[in-house]
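Below, each chain spelled out in residue letters.
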Amino acid sequence: MRLRNIKGSREVIAACPYVITPERAERTSFEARYHWSVRGCWKQVFGNEGPLRIEIGMGKGAFLMEQARRNPDVNYVGIEKYSSVLLRAVQKQEQERLPNIRLIRMEAENIGDVFAEGEVDRIYLNFSDPWPKEAHARRRLTSGRFLKRYDSILRDGGRIEFKTDNQELFDFSLEEIDGQKWKILAITRDLHRDPAWEKDNIMTEYEQRWSAQGKPICGLHLLHCKLPEF
């Protein structure tokens, strides 16, 4: 179970130089509005022309950091909404100081405020909350609602890489795919028994725990295909 409240976690996160924070732009009678100056400017943030890849729901950061170690010419942004979880990734990153990683505490619904159209090369969705109640289906990170958000920020030919131990969520995700915008590149219902997948797989902390118990892990790779304009 994730701890959602650790005293002082937000202050530690905000002080970390690897964490990207928004600027408050205005306040309405209902809520504060924020402006993300990094939108469309990620090449300047990292100081290079490398591709940009993001993990939504990054947890404690083990997967993202291993990606960054293996691919120093690729830039990575980890997104996590719970401060107490992101805090663990912040602590790891402050020790390792990987130059090609930045971190954000935010809700996934707001990714269009942070990334411009076609700015992202790849999206990782690892063991996302399955939101098992049907009434909460729209909150699933592989719902049609979220796929539209990914459609707007992914470049043509960009990819989504999705892993889950939840068979029901996997079936739901397959049903949500719009065949005109997404092409299935690879699919498996037992990743760790599939040599083609196992070879380059990087496990998350969650994946390590469940795979050690013999629980099958599902995987899906999607290619983003922009529709032609008429």
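See above for the structure.
Owing to the predicted nature of the structure, the values given are computational and were not obtained by experimental measurement.

**Points about the environment of G61**
Position of G61 among the secondary structure elements: in the loop between β3 (52-56) and α3 (62-70). Measuring from C-alpha to C-alpha, the distance between G61 and K92 comes to 7.9 Å, with 31 residues separating the pair along the chain. What G61 contacts, discounting residues up to four positions off in sequence, is A89 and E205.

**Section: the sheet that holds strand β7 (residues 154-164)**
Spatial strand order, β5-β4-β3-β6-β7-β9-β8: seven strands in an open sheet with mixed pairing. Here the strands that pair on one side only, and so sit at the sheet edges, are β5 (101-105) and β8 (182-188). For this sheet, the mean angle separating the axes of adjacent strands, direction not counted, is 15 degrees. Of the strand pairs in this sheet, β7 and strand β9 (residues 218-224) are connected by six bridges, and their pairing is antiparallel. Paired with R159 across the two strands is L223, which belongs to β9.

**Looking at the pattern of salt bridges**
Enumeration according to the criterion identifies 14 salt bridges in this entry. D121 serves as the salt-bridge partner of R53, at 2.9 Å between the closest nitrogen and oxygen. Of the two residues, R53 is situated in strand β3 and D121 in strand β6 (residues 120-126); the sequence distance between them amounts to 68 residues. With a relative accessible area of 13%, R53 lands in the buried category. In this structure D121 comes out as buried when scored by relative accessible area, which is 9%. Measuring nitrogen to oxygen at the nearest pair gives 3.4 Å for the salt bridge that ties R193 to D190. By relative accessible area, which is 71% here, R193 ends up exposed. A cluster of three or more residues bridged by salt bridges with shared partners is formed by E66, R69, R70 and E96.

**Side note on the packing of aromatic side chains**
For the structure shown, the criterion picks out seven aromatic pairs. Ring centres of W42 and F115 lie 5.4 Å apart, and the angle between their planes is 20 degrees; this geometry places the pair in the stacked category. Here the residue W42 occupies a position in helix α2 (residues 42-46), and F115 occupies one in the loop between α5 (111-114) and β6, the gap between them amounting to 73 residues. You'll find W42 and F115 in the same group, each marked buried. Ring plane angle 35 degrees and centroid distance 6.2 Å describe the contact between F146 and Y150, whose orientation is recorded as tilted. A residue pair is termed a helical-turn pair when its members lie 3 or 4 positions apart in one helix, as F146 and Y150 do in helix α6 (residues 144-153) at four residues. Here F146 and Y150 have matching classes, each one buried. A cation sits over an aromatic face here: R139 above W131, 4.8 Å from the ring centre. Here the guanidinium or amino end of K215 rests over the ring plane of W210, the centre of that ring lying 4.2 Å away.

**Regarding α3**
An α-helical turn contains 3.6 residues, so any two residues separated by three or four positions project in the same direction. Along α3, the positions that sit buried rather than exposed are F63, L64, M65, Q67 and A68. Each element contacted by the buried residues of α3 is listed here: β3, β4 (75-80), α4 (83-96), β5, β6 and β7.

**Here we look at the nonpolar core**
The biggest cluster of nonpolar side chains holds 36 residues, and the ones touching the most others in it are W42, I56, F115, I123 and Y150. The biggest single contributor to this core is α6, with four residues. Once you skip the residues sitting within four places of it in the chain, I123 turns out to touch I54, I56, Y150, I153, L154, R159, I160 and E161.

**As for the pairing of β3**
Among the five residues in β3, five count as buried, and that is most of the element. In terms of strand pairing, β3 meets β4 through five bridges, oriented parallel. If you follow I54 over to β4, its bridge partner there is V77.

**A word on unusual backbone geometry**
Positive phi outside glycine occurs at F127, with the angle close to 55 degrees. Residue placement: F127 occurs in the loop between β6 and α6. Phi at W131 is positive, roughly 40 degrees, even though this residue is not glycine. If you trace the backbone, W131 turns up in the loop between β6 and α6.

Reading the values: rules and limits
- Sequence order as written defines residue numbering, which begins from 1 separately in each chain.
- Local features are withheld for residues below a pLDDT of 70 in this predicted model, meaning they are given only at 70 or higher, and side-chain atom pairs are given and counted only at 80 or more; totals for whole chains, interfaces and linings count all residues.
- Computation of side-chain values: all heavy atoms of the structure, hydrogens and water removed.
- Only runs of H or I of at least four residues qualify as helices and only runs of E of at least two qualify as strands under DSSP, and these elements are numbered from the N terminus.
- Throughout, a residue-residue contact means that at least one pair of heavy atoms, one from each residue, lies within 4.5 Å.
- Note on pairing: DSSP must find at least two bridges between two strands before they are called paired.
- Axis geometry follows a simple rule: fit a line to the C-alpha atoms, using only the stretch in contact for helices, then measure angles between N-to-C directions, giving values from 0 to 180 degrees.
- Salt bridges are counted wherever a side-chain nitrogen of Lys or Arg sits within 4 Å of a carboxyl oxygen of Asp or Glu.
- Buried, partly exposed and exposed residues are distinguished by accessible area as a fraction of the type maximum, computed with a 1.4 Å probe on protein chains only: under 20%, between the cut-offs, and over 50%, respectively.
- Between the rings of Phe, Tyr and Trp (Trp by its six-membered ring), a pair exists once the centres lie within 6.5 Å; its type follows the angle of the planes, with under 30 degrees stacked, over 60 edge-to-face, and the other angles tilted.
- Charge over a ring is defined by NZ of Lys or CZ of Arg lying within 6 Å of the ring centre and within 35 degrees of the ring normal.
- In this text, buried Ala, Val, Leu, Ile, Met, Phe, Trp, Tyr and Cys residues form a nonpolar core when linked through side-chain atoms within 4.5 Å.

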